Amino acid sequence: MDMEKRIHLELRNRAPSTVRELILDNCRGTNGKVEGLTDDFVNLESLSLINVGLLSVSNLPRLEKLKKLSLSDNRISGGLDVLAKKLPNLTHLNLSGNKLKEISTLEPLKELDILKSLDLFNCEVTNQDDYRESVFKLLPQLTCLDGCDVENRDASESDGDVENRDASESDGEVDGECADDFEDEEEEDDFDEEEDGEEDDDEEEAEGEEDVEEEDDEVSGEDEEEDLGQDEEDEDEDEEDEEAETLKGQKRKREPEDEDDDDDDDEDD
């Protein structure tokens with residue numbers, strides 16, 4: 001498949017300005033050059049052109065936001081100055097499996113100020129004496145060459161150490177913040193508990209006062225009942241006394257009448 005048609009398929013009806021990653025591996029350009037790629041890809045950050053038969057990168061468009069470019073397994077032998085001019089923000093460049101023979105062909109890459117990673121696996125240049133030292137000296141901005149750092153350690157491990165250290169520091173900061181938050185929460189909880197305790201005490205006092213009032217009401221009720229009962233008893237006694245006096249008066253009236261009856265009986269005799 002030719003490169004221009006492949007780009008059309010990769011777009012999938014999207015506008016070029018919306019694309020951030022473009023993979024065109026194993027397609028073919030015309031005369032060993034990039035074809036169909038334009039500066040309309042203004043937001044492109046990653047471009048892969050692996051095994052596309054490139055002889056030159058001279059007709060690459062200007063892609064100011066491109067950070068990662070993979071050109072491995074092509075037939076590029078020079079002309080790298082185009083990369084510095086058209087890809088100013090490149091940080092990762094893979095040129096492994098190309099026809100690069102001399103370290104001097106890498107000199108234009110000095111203009112890529114933020115280039116961090118360069119791969120030259122299976123290029124003839126790697127067979128030169130002091131290859132790694134020479135490249136790091138030529139390109140001091142590099143932190144990774146062929147997957148290893150300046151001390152020839154696996155770059156992923158050294159990056160991992162940095163990431164772990166940063167993560168530990170950030171975790172420490174987070175833990176400190178969490179500890180402060182936890183202390184604040186504990187203080188708030190203690191304050192809330194004190195307020196709840198005071199509210200409970202107030203409620204208990206209020207309940208105690210209500211109980212006392214209820215007891216007073218009960219006592220008052222009992223006293224009223226006793227007074228009422230006493231009044232009823234006094235009324236009954238008064239009624240009994242009145243009845244007794246009435247009976248006594250009746251008896252007194254009957255006694256003279258009885259005496260008169262007795263006198264009449266004596267006269268008759």
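Residues numbered from 1 in each chain as written. Predicted model: local features only at pLDDT ≥ 70, side-chain atom pairs only at ≥ 80, totals over all residues. Heavy atoms only, no water.

1. Some details on the overall build of the chain
For the record, the criterion: Only DSSP runs of H or I covering at least 4 residues are called helices, and only runs of E covering at least 2 are called strands; the numbering of each starts at the N terminus. Burial here depends on accessible area, computed with a 1.4 Å probe over protein chains only, as a share of the maximum for the residue type. Under 20% is buried, over 50% is exposed, and the range in between is partly exposed. Any pair of residues with heavy atoms lying within 4.5 Å of one another is described as a contacting pair. Here the Shrake-Rupley method, with its probe set to 1.4 Å, supplies the accessible areas, and only the displayed protein chains count as covering residues.
For the chain, the helix and strand inventory stands at four helices and six strands. Along its sequence from the N terminus, the chain presents helices and strands in the succession α-β-β-β-α-β-β-α-β-α. The buried share among the 269 residues of the chain stands at 28%. Summarising the internal contacts of the chain: among those between residues at least 6 apart in sequence, 52% fall at separations of at least 24. As presented, the chain carries roughly 18,300 Å² of accessible surface, and 41% of it is formed by carbon and sulfur atoms.

2. Notes on the environment of Ser-56
Rules: We define a polar contact as two N or O atoms separated by no more than 3.5 Å, with the added condition that, inside protein, one atom must be a possible hydrogen donor and the other a possible acceptor, whereas residues neighbouring each other in sequence contribute only through side-chain atom pairs.
On the secondary structure map, Ser-56 appears in the loop between β2 (46–48) and β3 (68–70). Assessed through its relative accessible area of 21%, Ser-56 is described here as partly exposed. The contacts of Ser-56, once residues within four sequence positions are left out, are Gly-32, Lys-33 and Ile-76. Among the polar contacts made by the side chain of Ser-56, one reaches the main-chain amide nitrogen of Ser-58 at a distance of 3.0 Å.

3. Section: the pattern of salt bridges
Side-chain pairing between opposite charges can occur once the charged atoms of the two side chains come close. As a reminder of what qualifies: Basic side-chain nitrogens of Lys or Arg form a salt bridge, by our definition, when they fall within 4 Å of a carboxyl oxygen of Asp or Glu.
By the definition in use, this model includes eight salt bridges. Among the salt bridges present, the one from Glu-10 reaches Arg-12, with a minimum N-O distance of 4.0 Å. Among the salt bridges present, the one from Arg-20 reaches Glu-45, with a minimum N-O distance of 3.2 Å. Within this pair, whereas Arg-20 is found in the loop between α1 (3–11) and β1 (21–23), its partner Glu-45 is found in the loop between β1 and β2, the two being separated by 25 residues in sequence. Judged by its relative accessible area of 28%, Glu-45 falls in the partly exposed class. By sharing partners, the salt bridges in this structure join Arg-6, Glu-10 and Arg-12 into a single network.

4. Overview of the nonpolar core
Inclusion rule: To form a nonpolar core, buried Ala, Val, Leu, Ile, Met, Phe, Trp, Tyr and Cys residues must be joined to one another through side-chain atoms within 4.5 Å.
The biggest cluster of nonpolar side chains holds 47 residues, and the ones touching the most others in it are Leu-47, Leu-69, Leu-93, Leu-109, Leu-118 and Leu-120. Of all the secondary-structure elements, those providing two or more residues to this core are α1, α2 (81–86) and α3 (131–138). The greatest single-element share of this core, amounting to four residues, is contributed by α3.

5. Quick word on the side chain of Asn-43
Position of Asn-43 relative to the elements: it lies in the loop between β1 and β2. A distance of 2.7 Å separates a polar atom in the side chain of Asn-43 from the backbone oxygen of Ser-17. Setting aside chain neighbours within four positions, we find Asn-43 in contact with Ser-17, Val-19, Arg-20 and Lys-65.

6. A look at the confidence of the model for the chain
Spelled out, the test is: A residue's pLDDT is the confidence the predictor assigns to it, expressed on a 0 to 100 scale.
For the chain, per-residue confidence averages 78 on the pLDDT scale, and 58% of positions sit at 70 or higher. Scored below 50 in pLDDT, residues 263–269 shows zero contacts in the model against residues more than four places distant or in partner chains.

7. Some thoughts on the sheet that holds β2
For sheets, the rule is that strands pair by backbone hydrogen bonds, running either parallel or antiparallel. Spelled out, the test is: Strand pairing requires that DSSP identify at least two bridges connecting the strands.
The parallel open sheet is built from six strands, whose spatial order is β1-β2-β3-β4-β5-β6. Of all strands in the sheet, those with a lone pairing partner are β1 and β6 (144–145), marking the two edges. Of the pairings in the sheet, the one linking β3 to strand β4 (residues 92–94) comprises three bridges and is parallel in character. Among the inter-strand pairings, Lys-68 is bridged to a residue of β4, identified as His-92.

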